[in-house]
Amino acid sequence: MADGGSAADDFYGRLRAYEGRAAAAGGEGKDPVNEPMIRHWCEAMGDTNPDYPAIAPPTMLQVWTMGGLSGHAGGSARSEAYDELLALLDGAGCTSVVATDCEQEYLRPLRPGDRVTFDAVIESVSPRKTTKLGSGHFVTTRMDIRAGGELVGRHRFRILKYAPARRAPEAKKRTAEVRERTAEVKEARRPRPVINRDNAGFWAGVAEHRLLIQRCTDCGTLRFPWLPGCGACGCQEWETVEASGAGTVFSYVVMHHPPFPAFDPPYAVGLIELAEGVRMISNITGVPYDKVRVGMPVELEFLRVDADLELPVFRGAVA
């Protein structure tokens, strides 16, 4: 045990030696900050803030650093040190990777015409952690983003490099049984919604069979999902309006895989544009999954999925 612990400590020491080393250096944005990209972003996000596109939405920070499919001019900006760190983890059996989270800091708005440069550092490597996916190490990089030499924001990105957990034969057997037996799938509980102080009013409305939308008391902008402040004017005061329940399918996907307990694929998940102008994601019921179409009219209904959970969904109609 002592030898095993010592070896683990030595390996972690080798990993930590990469902390503070460059993960990327001398990166340059492929394009200057520009109005067309800002408009595309705002349309996709449904963001009608009148300040755009005179400035870029802060959450676009990473967009201006991406190399796209063709990569950055002159090759990747990623450093040898970062590649060495990943190779070291691969050699220890941590051959799989999953992105876990990101954080952003905004120091000043970016404006059309700004040219972005960036550098990144390996900020931290965690001790070995065991998760449901497997055992491995969290690696956090911090990217410093500049425009005209001025620091405008930071982007922290965290991944888990891990060795996939091996399933016991009995666990594999149970998984196969769940996939094959629809009755068992239907008996499983759906995931519970996360209810917090910012969205508790929405779920209180659902309990009363009311679909409530926030409305800013300053500028009158409607917003969904529920947020603590108005994205248009920044006001933190709001009231609610009840949706009529009418809407149309703005976009949709058909879920085939993976099969989650309590869900019976294939099924349609839609981005519904309500008559009031806001959009929400929900299941589409009442029509076969392969009959769902963009523009299809839908009506709100409330679906009880188990004794403790009722959800707003939208029933479609085939013309």
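Residues numbered from 1 in each chain as written. Predicted model: local features only at pLDDT ≥ 70, side-chain atom pairs only at ≥ 80, totals over all residues. Heavy atoms only, no water.

Focus on the sheet that holds strand β14 (residues 309-316)
With respect to topology, 5 strands assemble into a closed barrel ordered β10-β11-β12-β14-β13, the strand pairing being mixed. On average, each strand axis in the sheet is inclined to that of its neighbour by 50°, with strand direction left out of account. Pairing of strand β11 (residues 267-274) with strand β12 (residues 279-285) involves 5 bridges; the strand directions are antiparallel. Looking at β12, one finds that I272 is bridged to M280. Along the sheet face, helix α6 (residues 200-207) touches β13 (297-306) and β14 and points at about 75° away from the line of β14. (Pairing = 2+ DSSP bridges. Helix = DSSP H or I, 4+ residues; strand = E, 2+ residues; numbered from the N terminus. Axes fitted to C-alpha atoms, helices over the stretch in contact; angles between N-to-C directions. Contact = heavy atoms within 4.5 Å.)

Some details on the side chain of N199
Following the sequence through the fold, N199 ends up in the loop between α5 (182-187) and α6. You can call N199 buried: its relative accessible area is 16%. With residues near it in sequence (within four places) discarded, N199 still touches V194 and W226. (Buried < 20%, exposed > 50% of the residue type's maximum accessible area, 1.4 Å probe, protein only.)

Some details on the packing of aromatic side chains
In total, this model carries 5 aromatic pairs according to the counting rule given. Each ring, one from F202 and one from F224, has its centre 5.4 Å from the other, and the planes form 65°; the classification is edge-to-face. Of this pair, F202 sits in helix α6 while F224 sits in the loop between β8 (222-223) and β9 (238-242), and the two are 22 residues apart along the sequence. Each member of the pair, F202 as well as F224, carries the same accessibility label: buried. Sitting over the ring of F250, R279 keeps its end group 3.6 Å from the ring centre. (Phe/Tyr/Trp six-rings, centres within 6.5 Å; stacked < 30°, edge-to-face > 60°. Lys NZ or Arg CZ within 6 Å of the ring centre and 35° of its normal.)

Concerning the nonpolar core
I38, W64, L85, L110, I122 and V139 are the most contacted members of the largest nonpolar core, which has 32 residues in total. Mapped by element, the contributors of at least two residues to this core are α1 (2-16), β1 (22-28), α2 (35-45), α3 (80-91), β3 (116-125), β5 (134-147) and β6 (150-164). At 6 residues, α3 tops the list of elements feeding residues into this core. Excluding anything up to four places from it in sequence, I38 contacts V33, Y52, P53, I55, A56, P57, M60, W64 and P112. The next biggest cluster of nonpolar side chains, apart from the first, holds 25 residues, and it includes V249, L274, V278 and M296. (Core = buried A, V, L, I, M, F, W, Y, C linked by side-chain atoms within 4.5 Å.)

Topic: the pattern of salt bridges
Counting across every chain of the model gives 22 salt bridges. Salt-bridge contacts for E103 lead to R158; the nearest nitrogen and oxygen are separated by 4.0 Å. Residue E103 is located in strand β2 (residues 96-106), and its partner R158 is located in strand β6; the two are separated by 55 residues in the primary sequence. Judged by its relative accessible area of 40%, E103 falls in the partly exposed class. Linking E105 and R154 is a salt bridge whose minimum nitrogen-to-oxygen distance equals 3.9 Å. Highlighted residues: E105 in strand β2 and R154 in strand β6, separated in sequence by 49 residues. Residue R154 is classed as partly exposed on the basis of its relative accessible area, which comes to 25%. Residues participating in the shared-partner salt-bridge network are E105, E123, R142, D144, R154 and R156. (Salt bridge = Lys/Arg side-chain N within 4 Å of Asp/Glu carboxyl O.)

Here we look at α2
A side-chain oxygen of the first residue of α2 lies 2.9 Å from the backbone nitrogen of M37; this N-cap is N34. Positive backbone phi, approximately 70°, marks G46, located one or two places after α2. (Polar contact = N/O pair within 3.5 Å; in protein donor to acceptor, adjacent residues only side chain to side chain.)

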